[in-house]
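Residue-level structure breakdown
Chain residues, written in single-letter form:
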2 protein chains.
Amino acid sequence: MTPRAEILAIGSELLDPGRSDTNGAYLAFRLGEIGIPVRFRTVVGDVIGDLEEAFRVALGRSDLVVATGGLGPTVDDLTREALASLLDLPLEEDRAVLRQIEERFRRLGLDMPPRNRRQAQVPRGAEVLANRLGTAPGLFLRSGGRIVALLPGVPSEMERMAEEELLPRLRPTGERFVYRIFKIAGLAESEVDRRLEDVARRAGEVAWTILASPGQVEIHLRERVRPGEPAVGIERIDREIEATLGIDLFARDGDTLEGTVGRLLLERGESVAVAESLTGGQIAGRISGVPGASRYFVGGVVCYSDEAKRRLLGVRRETLEIHGAASPEVALEMARGARELLAATWGVSATGFAGPGGGDANRPPGTVVIGVDGPERALHRELRLPGDRETVRARAAQWALDLLRRELTGARPAGPR
Amino acid sequence: MTPRAEILAIGSELLDPGRSDTNGAYLAFRLGEIGIPVRFRTVVGDVIGDLEEAFRVALGRSDLVVATGGLGPTVDDLTREALASLLDLPLEEDRAVLRQIEERFRRLGLDMPPRNRRQAQVPRGAEVLANRLGTAPGLFLRSGGRIVALLPGVPSEMERMAEEELLPRLRPTGERFVYRIFKIAGLAESEVDRRLEDVARRAGEVAWTILASPGQVEIHLRERVRPGEPAVGIERIDREIEATLGIDLFARDGDTLEGTVGRLLLERGESVAVAESLTGGQIAGRISGVPGASRYFVGGVVCYSDEAKRRLLGVRRETLEIHGAASPEVALEMARGARELLAATWGVSATGFAGPGGGDANRPPGTVVIGVDGPERALHRELRLPGDRETVRARAAQWALDLLRRELTGARPAGPR
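All figures in this text were calculated on a predicted structure; none of them were measured in a lab. (Residues numbered from 1 in each chain as written. Chains lettered and ligands numbered in written order. Predicted model: local features only at pLDDT ≥ 70, side-chain atom pairs only at ≥ 80, totals over all residues.)

1. Focus on the overall build of chain A
A tally of helices and strands in chain A yields 14 helices and 17 strands. Taking 417 residues into account, the globule formula puts the C-alpha radius of gyration at 22 Å, and chain A, at 27 Å, lies well above it. Here the C-alpha coordinates of chain A stretch approximately 85 × 55 × 45 Å along the principal axes. Relative to its full complement of 417 residues, chain A shows a buried share of 48%. Partitioning the contacts of chain A with sequence separation of at least 6, the portion at a separation of at least 24 is 67%. (Helix = DSSP H or I, 4+ residues; strand = E, 2+ residues; numbered from the N terminus. Rg over C-alpha atoms; globule rule 2.2 N^0.38 Å. Buried ≥ 20, exposed ≤ 12 C-beta atoms within 10 Å, placed from the backbone. Contact = placed C-beta atoms within 7 Å.)

Here's what the structure looks like:
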């Protein structure tokens, strides 16, 4: 039988606005990879009664309960106490753990504050999970056929402990989950849905989810795979999606649009420069966010005023006056200006109105023009992008990177310039 | 007695990696404001048995259960069925709801797909909550002294329905939670902790949380306030924090560092231009992300290569050769170059090595120099920033904006340039 897991994220601050638990997603992913599905994720505050209740419910319905948080030295940290109380186990001071905590403070040239002594309390019968990055040790306990693991709430400490201490203690079920993500640009969610309708219908046992964010659609697949077998369903669907979507599919899994653009530029031995108005530096920021981007990214210009467009990029006064800033003519002069000014193989530009306000009757907020200027031709794309200022800017940057990607994919390499 | 609330986020995709529930945080905040604390938040997949179990547990321990998601038209959407089955209530087709759904499709020029008929199924005794933005109606049900509300999972639909349909049906308890956030730049978390130790010790009933993100520390306060009373604890702490931190406190609540910079520039009638290397457009992106930024943001230059620094910003070849790109001299020439090129009152620059790779023995990755050039003086700040590429870039942008903010706060206004 497949063991069933449940995750408790402990901390009153996780119930407050503006906070969210990220540990649970990480654990769900890693447990899934060894074939242990997570059925419930619960967030509970640092209240002893609520904690006992949460552990009681979890142990009543799940084979494995992994809790994160509440292992610190302060009086708010009650996870150990709640579990020990629920299972009626005495808390005992573990001398080895105490020495490790004292040693950690000594290495920092400090005396251990008295309150940290609490962290050496271990419920009888529990194994201690070493914390290499902080003072809070984890705990691993078997009780009535169930397993409970307590991990720290600090994500870096939790991840290290999960990898080195928790996962090796869990017997893989043989079965595991395999995940794959497909990333699509330039198509609306409904269009992706329509084009992949037949592929989705034949997905069989592979779980299929479609997700949309500004300027990007993703297909998430999950397949349960038996011991020693490959993910045949995902591999088949991968071929079908690639054949159906062609150039509209730009990446899989952790790859990004800017990463794909960078890889194409490196392969071609070419470079790119950017000219932005409404995106305000986002296109440059995304391109330069890829490690090693200095090998193909020369630089960029953000020109928020018409004067800056003229001075820095050589956009002509007449072009601005006759066509307006959100025009194909200005987008193309910006892209060419950046390419020439920075001596790059490619220039890419975005101009328009992000809103709120700005624009006019013919060019309301959301009106955006993208330009790409390359060795063989220049092209543009006029867009009406929905959403608020932030969304319009994000969509515009996405479209600009995607137009460049399509040119790089389709065009003949020109060699470095 | 204070009613106790619990939130269920329903959807198998919310248990998958890379996804998270944002509805719960919104609801916890809005319920808190009318004095209803949320004790548990649970994520559960679209599995009929798990859903019934989650509702059973929640109704056993909470006075108000708000569930989001699983109200759509597909066979995966089982929230209605699970609740009706648990409470042994028959599902009945609501003709008025059915007409509304049909009408919504008709307005889009479409026939209602047969599967949407399911959305008109209502457990006997439940009130329907109107969905003005989508087809999935919500439900509101009293059972055994408890209240259950089912809301759609799409955040915009959920929020509208919560505001217009759910919250008005809940009796405010009189008591409410008041929240305040203080944002601090230029200090490490431990330093903020130390300086505010006395203030925190006197916080009394006000819940106090300290949070750190790259280049920013936040203090989150929460106070339970009785009917007709102001948040006296928060107001007192506000004065104490302001007096203790002075200029290191840059904003409260939703205000941002770039918003504060923008407000100061507007007040002074001044403008800013940006010159970036390692931050790659992030500083410009943040400044221009504020609505109305075109009133004070002229533009910026991203120069990833030494040649671009020379060509665009007039950084001298000798300066680059003698001092290297990650030097105060280059940072200052960049800031002045941007200011002059774009005719702005202020120029701000960031140069350095984000890593991985780059730099040398004296200037390893994380070495960053920030420059500010203003009407009366120029200044710089040399930093060694910890973290990976993304973190170093984010910290550098934060420090640059903060150095500008401190100059704008302290310096005499120069008037527009």
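Now that the structure is up, let's keep going.
2. Comments concerning the domain arrangement of chain A
Residue and element names in this part refer to chain A. Structurally, chain A comprises domain 1 (5-169), domain 2 (176-252) and domain 3 (259-410). Here the C-alpha centre of domain 3 lies 30 Å away from the C-alpha centre of domain 2. Listed by partner, the interface residues are 8 residues for domain 2 and 12 residues for domain 3. For the side of domain 2 that touches domain 3, the class distribution of residues is 5 nonpolar, 3 polar and no charged. (Domains from an automatic or database assignment. Nonpolar A, V, L, I, M, F, W, Y, C, P; charged D, E, K, R; others polar.)

3. Observations regarding the nonpolar core
Side chains that are nonpolar tend, in soluble globular proteins, to be buried together. Of all hydrophobic cores here, the largest spans 134 residues; its most connected members are A:Val272, A:Ala400, B:Val272 and B:Ala400. When residues no more than four places from it in sequence are discounted, the contact partners of B:Val272 are B:Leu265, B:Ile287, B:Tyr296, B:Phe297, B:Ala344, B:Thr345, B:Trp346, B:Val348 and B:Leu404. With 92 residues, the next largest nonpolar core counts A:Ile36, A:Val44, B:Ala54 and B:Val57 among its residues. (Core = buried A, V, L, I, M, F, W, Y, C linked by C-beta atoms within 7 Å.)

4. Focus: the relation of the copies chain B and chain A
The two copies are related by a screw motion: chain B maps onto chain A through a turn of 180° and a shift of 0.0 Å along the axis, at an RMSD of 0.1 Å. The transformation relating the two chain copies, once decomposed into turn and shift, fits a two-fold axis. When the interface residues of chain B are mapped onto chain A, 100% of them are again interface residues, pointing to one common binding face. (Least-squares fit on C-alpha atoms with pLDDT ≥ 70 in both.)

5. Observations concerning the interface of chain B and chain A
Tallying the contact residues gives 52 residues for chain B and 52 residues for chain A. For the side of chain B that touches chain A, the secondary structure elements donating two or more residues are helix 1 (23-33), strand 2 (38-44), helix 2 (48-61), strand 11 (216-225), helix 10 (282-288), strand 14 (297-303), helix 11 (306-313) and helix 14 (389-410) of chain B. Taken together, the residues of the side of chain B that touches chain A sort by class into 25 nonpolar, 16 polar and 11 charged.

6. Remarks on the environment of B:Leu64
Residue and element names in this part refer to chain B. Here leucine 64 shows up in strand 3 (residues 64-68). Each C-alpha atom, one on leucine 64 and one on glutamate 6, is 6.3 Å from the other, the two residues being 58 residues apart in sequence. Apart from residues no more than four positions distant in its own chain, leucine 64 is found in contact with Pro3, Ala5, Ile36 and Ile147.

7. Focus: helix 8 (residues 232-245) of chain A
Residue and element names in this part refer to chain A. Spanning 14 residues, helix 8 covers 20 Å between terminal C-alpha atoms, matching the ideal 20 Å at 1.5 Å per step. What helix 8 keeps buried is the set Gly233, Ile237 and Ile241. The arc that holds every buried residue of helix 8, seen down its axis, measures 60°, which confines them to one face. Exposed residues lying more than 90 degrees from the buried face of helix 8 are Val232, Arg239, Glu242 and Ala243. Where helix 8 is buried, its residues touch strand 9 (176-184), helix 7 (197-201), strand 11 (216-225) and strand 12 (249-252). (Expected span 1.5 Å × (residues − 1). Arc of directions from axis to C-beta.)

8. Some thoughts on the sheet that holds strand 12 of chain A
Residues and elements named next belong to chain A. The antiparallel open sheet is built from 4 strands, whose spatial order is 10-11-9-12. Edge positions in the open sheet fall to strand 10 (207-213) and strand 12, since each of these has one partner strand only. Between one strand and the next, the sheet's axes are offset by a mean angle of 25°, whatever the strand orientation. Where strand 9 and strand 12 come together, 3 bridges link them in antiparallel fashion. Within strand 12, the position partnered with isoleucine 184 by the bridge is leucine 249. (Pairing = 2+ DSSP bridges. Axes fitted to C-alpha atoms, helices over the stretch in contact; angles between N-to-C directions.)

9. A closer look at helix 1 (residues 23-33) of chain A
Residues and elements named next belong to chain A. When we look at burial in helix 1, the residues that qualify are Asn23, Gly24, Ala25, Leu27, Ala28, Leu31 and Gly32. Residues of helix 1 that are buried sit in contact with strand 1 (5-10), strand 2 (38-44), strand 3 (64-68), helix 5 (155-166) and strand 9. Looking one or two residues beyond helix 1, the residue adopting positive phi is glycine 35, at roughly 85°.

10. Brief notes about the pairing of strand 10 (residues 207-213) of chain B
Residues and elements named next belong to chain B. Where strand 10 and strand 11 come together, 7 bridges link them in antiparallel fashion. If you follow tryptophan 208 over to strand 11, its bridge partner there is leucine 221. The hairpin turn running from strand 10 into strand 11, its antiparallel successor, is 2 residues long, and glycine 215 in that turn takes a positive phi close to 80°.

11. Focus: the sheet that holds strand 15 (residues 346-352) of chain A
Strands sit in the order 17(A)-16(A)-15(A)-13(A)-14(A)-14(B)-13(B)-15(B)-16(B)-17(B) across an open sheet of 10 strands; the sheet is mixed. The open sheet has two free edges, formed respectively by strand 17 (378-384) of chain A together with strand 17 (378-384) of chain B, since each of these has just one partner strand. Within this sheet the neighbouring strands show an average axis-to-axis angle of 10°, counted without direction. Both strand 14 (residues 297-303) of chain A and strand 14 of chain B contribute to a ladder of 5 bridges, which runs antiparallel. Bridge pairing in strand 14 of chain B links A:Cys303 to B:Gly299. In this fold helix 11 of chain B packs onto strand 14 of chain A together with strand 13 (272-276) and strand 14 of chain B, with an angle of close to 145° to the strand it touches most, strand 14 of chain B.

12. Thoughts on unusual backbone geometry
Cis geometry is adopted by the peptide bond preceding A:Pro356, which originates at A:Gly355 and carries an omega value of -10°. For B:Asp88, which is not glycine, the phi torsion reads 60° and is therefore positive. Positionally, B:Asp88 belongs in the loop between helix 3 (79-87) and strand 4 (91-93). Its 8 C-beta neighbours within 10 Å are what place B:Asp88 among the exposed residues. One non-glycine residue, B:Asp253, lies in positive phi territory at about 50°. Assignment of secondary structure puts B:Asp253 in the loop between strand 12 (249-252) and helix 9 (257-268). For B:Asp253, a count of 10 C-beta atoms within 10 Å gives the class exposed.

13. Topic: the confidence of the model for chain A
Taken residue by residue, chain A gives an average pLDDT of 91. The fraction at 70 or more is 97%. Under the prediction, the complex receives an ipTM of 0.80, its pTM being 0.82. (pLDDT = per-residue confidence, 0-100.)

14. Considering the environment of B:Ala5
Residue and element names in this part refer to chain B. The topology assignment puts alanine 5 in strand 1 (residues 5-10). The exposure class assigned to alanine 5 is buried, which follows from the 23 C-beta atoms found within 10 Å. Among residues more than four places away in sequence, those in contact with alanine 5 are Leu31, Ile36, Pro37, Val38, Arg39, Ser62, Asp63, Leu64 and Val66.

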